Amino acid sequence: MPLLCALVGAAFGASSAPSETPVALILDSATPLPGEVATALHHEVESIFRETGYSFHWVNRREMRADDSFPDLVVIRIKSTCGGRDVPAPAVSKGHAALAWAHVSEGEMLPFIEVDCARLGRMLRAAGFGESALSQRQMMGRALGRVLAHELYHVLTGSSQHAHSGVAQPALSPAHLTTSTLTFTARELSLLTRRSYAARQTQPPAPTLSEEPVFESGR
Ligand SMILES: [Zn+2]
């Protein structure tokens, strides 16, 4: 599969500064994100990472060509629809109700993130009640950006550690996802600024990989 070949065969430049090479964020979604969701998502992630020196190149998996190759990339699989409207009825969940998780293999953080938009939509339902469809989609995009920024922090630093507050805290409530701004604390910013995502030759995730559920549903 071209995507996986690009991942395994990529030559990383460990000595380059974070700002020199954008990290390609490969969005793998069964249905395209609505435009307002995508715009809000991009804006939120780029805003959260602005002080780190990282920049991102957004790529839709379905639009990739066989010969596409990216020096640094993270694959983001979007589960269910991120429309911000017509969210399925709340489901009874067993155990973890993670919104997103990064894959880990033998203690190594892999550049592979999954996000469950149905769960995210359910968390936002009360906050979005009575809002216009546009506002709901913008809210979804912003929340999706915060969830993704949390997972990107794990992938880019290679760490499963959490912060006491901000984007990298272990669980985010609906209030965290809908407040006007949510940022990393100074500690996480310093970790991200030190070229944390360098030259990790990784294998694509296998079915037996453990998952790290990092977000609990808001309680
Ligand atoms: Zn986490």
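Residues numbered from 1 in each chain as written. Predicted model: local features only at pLDDT ≥ 70, side-chain atom pairs only at ≥ 80, totals over all residues. Heavy atoms only, no water.

S.K.: If you had to explain the state of the cysteines to someone new, which residues and values would you point to?
M.R.: One pass over the full model with this rule turns up one disulfide. Here Cys82 pairs with Cys117 through a disulfide, and the sulfurs are 1.7 Å apart. With the S-S bond torsion at 85°, the cross-link from Cys82 to Cys117 turns out right-handed. Taken together, the residues span a long stretch of sequence, with Cys82 in the loop between strand S3 (73-79) and strand S4 (100-105) and Cys117 in helix H3 (residues 117-128) at a distance of 35 residues. Here the two residues Cys82 and Cys117 agree in accessibility, since each one is buried. (Disulfide = S-S within 2.5 Å. Helix = DSSP H or I, 4+ residues; strand = E, 2+ residues; numbered from the N terminus. Buried < 20%, exposed > 50% of the residue type's maximum accessible area, 1.4 Å probe, protein only.)

S.K.: Lay out the coordination of the zinc ion with the relevant residues and their values.
M.R.: Around the zinc ion, the donor atoms from the protein are His150 (NE2), His154 (NE2) and His162 (NE2), and they sit 2.0 Å away. Look at where the donors of the zinc ion fall in the sequence and you get H-x3-H-x7-H. When its relative accessible area of 29% is taken as the criterion, His162 is described as partly exposed. (Donors = N, O, S within 2.8 Å, 3.2 Å for Na, K, Ca; no water.)

S.K.: For the confidence of the model for the protein, give the residues involved together with the corresponding values.
M.R.: Averaged over all residues, the pLDDT of the protein equals 79, while 74% of them reach at least 70. Long-range and interchain partners of residues 199-219, a stretch whose pLDDT sits below 50, account for 74 contacts in this model, where long-range means more than four residues apart. (pLDDT = per-residue confidence, 0-100. Contact = heavy atoms within 4.5 Å.)

S.K.: Please provide a residue-by-residue account of the nonpolar core, values included.
M.R.: Counting residues in each nonpolar core, the largest one holds 49 residues, and the members touching the most others are Phe49, Phe56 and Leu152. If one sorts the elements of this core by residue count, helix H4 (residues 133-157) sits on top with 11 residues. In this structure, Phe56 is in contact with Pro22, Val23, Leu25, Val45, Phe49, Leu152 and Leu156, ignoring residues within four places of it in sequence. With eight residues, the next largest nonpolar core counts Ile26, Met64, Leu73 and Val75 among its residues. (Core = buried A, V, L, I, M, F, W, Y, C linked by side-chain atoms within 4.5 Å.)

S.K.: Can you tell me about the pattern of salt bridges, naming the residues and giving the values?
M.R.: In the structure shown here, the tally under the stated rule is seven salt bridges. A salt bridge links Arg77 to Asp28; the shortest N-O distance between them is 4.0 Å. Remark: Asp28 occurs in strand S1 (residues 23-29) and Arg77 occurs in strand S3; sequence separation between them is 49 residues. The class of Arg77 is partly exposed, set by a relative accessible area of 35%. Of the charged contacts, one joins Arg65 and Asp68 as a salt bridge, the two residues approaching to 3.6 Å between their closest N and O atoms. One salt-bridge network, held together by shared partners, links Arg65, Asp67 and Asp68. (Salt bridge = Lys/Arg side-chain N within 4 Å of Asp/Glu carboxyl O.)

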